[in-house]
Amino acid sequence: MGEKVDFMKFFAVALFDRLKRVVKLVVHAGKFFVAGKIEKPDYLIVEDVGVAYLVMPKAACTSIKRSMVVAAEGEEVANNVEKRRAAIARLMIRGKVKGLEDKYVFTYVRNPFARLVSAYINKFEDMEKIKRSGFLYDEYLGGYLKLSDSFEEFVRKIAKIPDRVCDRHFMSQSYLVDHLAPHKPQDIFKLEEINESYPSLVERFGFSSLEFANRSASYDYRDYYKNKDILDLVFNRYREDVERFGYQSDYQAIKEYMAN
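About the thresholds
- Throughout, residues of each chain are indexed from 1 in the direction in which the sequence is written.
- It should be noted that, the model being predicted, local features are given only for residues of pLDDT at least 70 and side-chain atom pairs only at 80 or more, the latter also being counted only at that level, while totals for whole chains, interfaces and linings use all residues.
- Side-chain numbers here rest on the full set of heavy atoms in the structure, without hydrogens or water.
- We define a nonpolar core as any set of buried Ala, Val, Leu, Ile, Met, Phe, Trp, Tyr and Cys residues linked to one another through side-chain atoms lying within 4.5 Å.
- Summary of the burial criterion: residues with accessible area below 20% of their type's maximum are buried, those above 50% are exposed, and those between are partly exposed, where the area comes from a 1.4 Å probe applied to protein chains only.
- Numbering of helices and strands runs from the N terminus, with a helix taken as a DSSP run of H or I at least four residues long and a strand as a DSSP run of E at least two residues long.
- The pLDDT value expresses, per residue, how confident the predictor is, ranging between 0 and 100.
- Any pair of residues with heavy atoms lying within 4.5 Å of one another is described as a contacting pair.
- Throughout, the arc means that of the directions going from the helix axis to the C-beta atoms.
- Only when DSSP finds a minimum of two bridges between them are two strands counted as paired.
- Here the axes come from fitting lines to C-alpha atoms, over the contacting stretch only for helices, and the angles between their N-to-C directions go from 0 to 180 degrees.
- For Phe, Tyr and Trp, where Trp contributes only its six-membered ring, two rings pair if their centres lie within 6.5 Å, and the inter-plane angle classes them as stacked under 30 degrees, edge-to-face over 60, or tilted in between.
- Think of it as a cone above the ring: NZ of Lys or CZ of Arg counts as a charge over the ring if it is within 6 Å of the ring centre and within 35 degrees of the ring normal.

Of all hydrophobic cores here, the largest spans 49 residues; its most connected members are Tyr 43, Phe 113, Leu 116, Phe 151, Phe 154, Phe 170 and Tyr 225. Ranked by the residues each element gives to this core, the list is headed by helix α4 (residues 112-125), at seven residues. Counting residues in hydrophobic clusters, the runner-up holds 28 residues, among them Val 77, Ile 88, Phe 189 and Leu 191.

Counting all residues, the mean pLDDT for the protein is 86, and 83% of those residues have values of 70 or more. Counting interchain partners and residues more than four positions distant, the pLDDT-below-50 stretch residues 27-35 has 10 contacts.

With that settled, consider helix α3 (residues 81-91). Taken as a whole, α3 has its buried residues at Arg 84, Ala 87, Ile 88 and Leu 91. What you see down the axis of α3 is that its buried residues fit within an arc of 100°, all on one side. Those residues of α3 that are exposed and aimed more than 90 degrees away from the buried face are Glu 82, Arg 85, Ala 89 and Arg 90. Those residues of α3 that are buried are in contact with β1 (42-46), α2 (61-73) and β3 (92-94).

Here we take up the sheet that holds β1. Ordered in space as β3-β1-β2-β4-β5, the five strands form an open sheet in which the pairing is mixed. If you trace the sheet from one side to the other, it starts and ends with β3 and β5 (187-190), each paired once. Direction aside, neighbouring strands of the sheet carry axes that sit 30° apart on average. Two strands pair when backbone bridges link them, and β1 and strand β2 (residues 51-54) are joined in this way by four bridges, in the antiparallel orientation. By the bridge assignment, Leu 44 is partnered in β2 with Tyr 53. Sitting on the sheet, α3 is in contact with β1 and β3, with an inclination near 40° to β3. Each of β2, β4 (104-109) and β5 touches helix α8 (residues 194-205); the most contacted strand, β4, lies at about 155° to it.

The next subject is the environment of Asp 149. Residue position: Asp 149 is located in the loop between α5 (127-133) and α6 (151-158). On the basis of relative accessibility, which here comes to 5%, the residue Asp 149 falls in the buried class. Spatially, the C-alpha atom of Asp 149 lies 7.9 Å from that of Phe 124, the residues being 25 residues apart in sequence. Among all residues touching Asp 149, those that are not within four sequence positions of it are Tyr 120, Phe 124, Phe 154 and Lys 157.

Attention now goes to the packing of aromatic side chains. Tallied over the entire structure, the rule returns 28 aromatic pairs. Relative to Tyr 108, the ring of Phe 106 has its centre 6.3 Å away and its plane inclined at 90°; by these criteria the two rings are edge-to-face. Each member of the pair, Phe 106 together with Tyr 108, is buried. Taking the centre distance of 5.5 Å and the plane angle of 40° together, the rings of Tyr 120 and Phe 154 count as tilted. Taken together, the positions of Tyr 120 in helix α4 and Phe 154 in helix α6 put the pair 34 residues apart, joining distant regions of the chain. With a relative accessible area of 6%, Tyr 120 lands in the buried category. Lys 190 extends its terminal NZ or CZ atom over the ring of Tyr 247, reaching a point 4.4 Å from the ring centre.

Shown next as structure tokens:
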């Protein structure tokens, strides 16, 4: 009797898990057929100083948002984690935003080869976060991505996903700027040059100085590219980002790194 009960519990949990994936897939399909895409853009807006940040996931977006809230809420939120999170939540708007034409809108982009590795580490290898929040892609596209996917398997899979049904963390940055965002940024800065460009935003709008939780210092993203086939898959998948934002030299640098 006990074994039968255990089996029924296992069956019920497995069935519920599959139903969740089906429901999520139906939701994604509905969004796609209605809007032609499944994601919406995020903006962090500070009304008082007339500035909006088009959030670019995996391009120091958390650090930028933390910096911006000081202009809206004052220095008291800078060192209070709970107040800072609440302030960011209040200032964030997803989807269409009225009045952005009257504001200065900016964003930052990142070397797409490094950005993709960062997304993989954050969503597939950070087990402490995954244990707390669950695997983000457990129900995405019916469970297409697996937690057990190696970086190579991840790349091969996302290379087949068009931007209009991509998750924001590995959607091409050009698509997010040109098609997902209803209002284009006046300035698109490169993350690799943020130490040169961000101080002017701090001075102009009253942001705090940036503080990075610099996990990238603990790894070299180039080590994730084991062969040229995978590198070329990423290059071709994000070719527009590479060419538009000037990351051709990074592609060449990875090839040279693999040859050594």
